[in-house]
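Residue-level structure breakdown
Letter by letter, the chains look like this.
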Number of protein chains: 2
Amino acid sequence: MTNQKKKVVIIGGGFGGLEAAKRLARKDVDVTLIDRKNHHTFQPLLYQVATAVLSPGEIASPIRRILDWAKNVEVVLGEAEKIFPESNTVTLKNGGTIGFDYLIVAAGARHSYFGHDEWEASAPGLKTLEDAVEIRRRVLLAFELAERKAILTGETEPLNFVVIGAGPTGVELAGAIAGIARIALKGDFRAIDTGAARVMLIEGGNRVLNTFSEDLSAHAKQDLEELGVEVVLNCFVTDIAPGKVKAGDEWIDTTVAVWATGVSASPLGKFLAEETDDSGRISVEKDLAVPGHPNIFVIGDMARVEEKDGTLVPGVAPAAIQMARVAAMNIANDLKDKPRAEFKYYDKGSMATIGRSKAIVESGKLKMTGFIAWLAWLLVHVLSLIGFRNRLWVVTEWFWAYLTRERSARLITGGSLELDSAMKFLQPDLGKAAPRKADKKGKEILKT
Amino acid sequence: MTNQKKKVVIIGGGFGGLEAAKRLARKDVDVTLIDRKNHHTFQPLLYQVATAVLSPGEIASPIRRILDWAKNVEVVLGEAEKIFPESNTVTLKNGGTIGFDYLIVAAGARHSYFGHDEWEASAPGLKTLEDAVEIRRRVLLAFELAERKAILTGETEPLNFVVIGAGPTGVELAGAIAGIARIALKGDFRAIDTGAARVMLIEGGNRVLNTFSEDLSAHAKQDLEELGVEVVLNCFVTDIAPGKVKAGDEWIDTTVAVWATGVSASPLGKFLAEETDDSGRISVEKDLAVPGHPNIFVIGDMARVEEKDGTLVPGVAPAAIQMARVAAMNIANDLKDKPRAEFKYYDKGSMATIGRSKAIVESGKLKMTGFIAWLAWLLVHVLSLIGFRNRLWVVTEWFWAYLTRERSARLITGGSLELDSAMKFLQPDLGKAAPRKADKKGKEILKT
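Attention in this report is confined to the structure presented alongside it. (Residues numbered from 1 in each chain as written. Chains lettered and ligands numbered in written order. Predicted model: local features only at pLDDT ≥ 70, side-chain atom pairs only at ≥ 80, totals over all residues. Heavy atoms only, no water.)

1. Thoughts on the overall build of chain A
In plain terms, the rule: A helix here means a DSSP run of H or I that spans at least four residues, while a strand means a run of E at least two residues long, and both kinds are numbered starting from the N terminus. Buried, partly exposed and exposed residues are distinguished by accessible area as a fraction of the type maximum, computed with a 1.4 Å probe on protein chains only: under 20%, between the cut-offs, and over 50%, respectively. Note that accessible areas follow from Shrake-Rupley with a 1.4 Å probe, and for residues the cover is restricted to the protein chains shown. Asp and Glu are treated as the negative residues and Lys and Arg as the positive ones, with His and the ends of the chain left uncounted. Working definition for charges: the position is that of NZ of Lys, CZ of Arg, CG of Asp or CD of Glu.
The helix and strand tally for chain A stands at ten helices and 25 strands. Expressed as lengths along the three principal axes of its C-alpha atoms, the size of chain A is roughly 95 × 50 × 45 Å. Evaluated residue by residue, chain A yields a buried proportion of 59% over its 448 residues. Accessible surface, chain A: about 18300 Å² in total, of which carbon and sulfur atoms supply 52%. The centroid of the 57 positive side-chain charges in chain A is displaced by 5 Å from the centroid of its 57 negative side-chain charges.

Written as structure tokens, this is what we have:
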């Protein structure tokens, strides 16, 4: 029996982990938050980084900056590698062990390729800032390389962007890519018509945004089509290779593919439960503790929680935040010998944006579409951003983008111009192609 | 004899290439601008990206956006590989040939390691946005890893930042890194005192900023020392290895080293002249044409131009811009059968910033230091930025940073957390180190 403060370790600085740290701040515990990144990423706006509206710095904040006022919270940059629930320790990749009295595991999810990890190189997903910058690089590079080819050889390369999965991320990406092609890049290219690019959204189910009611799904589909997106429903992607995507039985030539379907919870779950569900989530008790380990909580995308009607709590930010509050409260309750609280999901509704001035919102019986829904979407997302500075910057960027129809963050950085496997489709015939004016000029001069 | 428009090819979208394209816009020529990047980078502010004040997108603009109004200018993303002055063609890496009537070569310079390219991994230079993001990553990671080590093992790792070369870039970097350590990060860390970090500025010559007059150099040195930078003069770096820098005969343990000395002009010069000078520059005629090839101009950092008094025109943005105007004018003059103009450098003066509220300015007999010089520096750099949007954003960021003393762009992205060779210094004993509270806690629990 010592009077030493209890030690709480939180794995993950996403919505859940950060909320838990805030709730435990200034409480009579020592908190250590571990994250692989030095920054919290506002994932709902990642697609805007991927489509050159926002810069990475505008949707991310250093975790230790967010928590600098919480003097009982320390932040460790590192990757939790293993959890030992019997000895109450966590080990880090690259060495290091941290012991805990309580553990909150909020390590989130990554995209999952259903056992086909080899598809990732050709069709990256969108979960981190690095993912977003890579997708932006590929999308912008596609137009640049098509222009280069047209100038050097006179040949026009058909551009085909394929987004796989019509959940919120897929819908937002497809709408935004169509906006880039049809509006933002218009006028900047000489040899190609960027507006001629195809944007396909492929979905295995029978409608887009299937967590919304059917009429809103139908509305969103129509909005997408007005923006120039080809929506393909009831169609499963069965294979992906460099430069092509197999939809059903048909191979589709693809300039850039993006994977926006399938998530898999952090593999850390396997240290806490014998079994996980198809998405890698583990079942938790009503107080969000792991069965058999009342001092270990699992929250957010890693937790499988059934509501009374049997539906699963969705893997969204509000659910993670609500779970974090219950986990933090239960630790505080333990310290005061009070009984634990049970988690109950309060569904505030959902919203998805489709493109400039288009969105859908559903909350209980309330349904909104079009411009008003879009304003509501803007408002909620700006208010949810962490930090006054980010809010100010993002609002200014959006206002600028809305007025000028420009994309401000059109940088191709990193990687090489030599196209990666994913973009081979554009590349192979560049060297051997027939010359247009440029080469012709060269040859004329050679002859004289 | 045809009436076909003359074709001008410009290699490089830096200050010189861009100015040449603008001057030739709406003239009776077809212009093709080739650059390896899709964006123009405002190099004078790169050090602010490297030190987390500005985001990459704030000092860069897509080249084709800048030139979208110039309908006779097309932009090709690609790397010029070879120039064939006899056949008037340029070939691109990855295939493709472009012929020209006139060529303006403005491919700039990279940092040079005086034959020790193997030093680059341990001491990167600062010429591109990627360089800046890499240096930012290393600087921020150094503090993160020291904090991690202190939390996991209780051991405090001395942090030592070494900037090599006390020209404007080196001085700016050293001052800004000291500002990060002493001001911006204060309060965000629990286990280390960021203010205890050493920042060394090593210079082979006998003063900093040696293009300024001696009294201003002395003033700048004093400013640096007030910011907490150790200035080491008359000291040559003779070797660099992971985690250490050899200054004279002494090896110095180094957490992060940055190379800010020595530039070498683009290797494209070798296709145009038998000989280049020590910095890879080639001598040009008074009209900036390559001797023997009156239709090929070389401008900017690649051109070696002597003034009447024998001094060399410096490799700075104003010189590149002035050369671009002369080269463009001479092409226009040729078309009108007018005689060519000769280049004469107009030196507007120079300025360098040292840190918050500190700078030096020298223009002819005018000398300024301190806050006024700093305001002048801010004004000139904001006005020189390309694009209203960038100006607006940068001013806002600076205002924010000045008020809050925060660094807004504190993102560690890309690379791995597993420290690269350059940072091995911090890493090796992490795994085997003695435990502090964390491990102790783990062991206590194991025993019970």
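Further notes follow.
2. Considerations on the sheet that holds strand β8 (residues 97-99) of chain B
Residue and element names in this part refer to chain B. Operational definition: Any two strands with at least two DSSP-identified bridges between them are counted as paired. To obtain each axis, a line is fitted to C-alpha atoms, and for helices this fit is confined to the stretch in contact; angles are then taken between N-to-C directions over 0 to 180 degrees.
Ordered by their spatial adjacency, three strands build an open sheet running β6-β7-β8, and the pairing between neighbours is antiparallel. Looking along the sheet, the strands with just one partner apiece sit at the ends: β6 (80-84) and β8. Taken pair by pair, the neighbouring strands of this sheet meet at an average axis angle of 20°, ignoring direction. Of the strand pairs in this sheet, β6 and strand β7 (residues 89-92) are connected by four bridges, and their pairing is antiparallel. Paired with alanine 80 across the strands is leucine 92, a residue of β7.

3. Some remarks on the pairing of strand β17 (residues 256-259) of chain A
Residue and element names in this part refer to chain A. Residues Val256 and Val258 line one face of β17 and the alternating positions Ala257 and Trp259 line the opposite face, and both faces are buried. When strand β11 (residues 160-164) meets β17, the two strands line up parallel, connected through four bridges. In the strand pairing of β17, valine 162 is matched with alanine 257.

4. Let's talk about the side chain of glutamate 397 of chain B
What counts, and what does not: We call two residues in contact when some of their heavy atoms are within 4.5 Å.
Within the secondary structure, glutamate 397 of chain B is located in helix α9 (residues 388-404). Dropping the residues within four chain positions of it, glutamate 397 of chain B is found in contact with Arg389 and Trp393 of chain A together with Val53, Leu54, Glu58 and Ser408 of chain B.

5. Let's talk about helix α4 (residues 129-153) of chain A
All names here are of chain A. The cut-off we apply is this: Under the convention used throughout, the expected extent of a helix is 1.5 Å for every residue step, that is, one less than its residue count.
Here α4 is 25 residues long and its end C-alpha atoms lie 35 Å apart, about the 36 Å a rise of 1.5 Å per residue gives. For α4, the tally of buried residues reaches 23 of 25 residues, placing the bulk of the element in the interior. Backbone geometry just downstream of α4 places glycine 154 in the positive-phi region, at approximately 80°.

6. Some remarks on helix α1 (residues 15-24) of chain A
A large share of α1 of chain A lies buried, amounting to eight of its ten residues. Looking one or two places after α1 of chain A, you find arginine 26 of chain A, whose phi comes out positive at around 65°.

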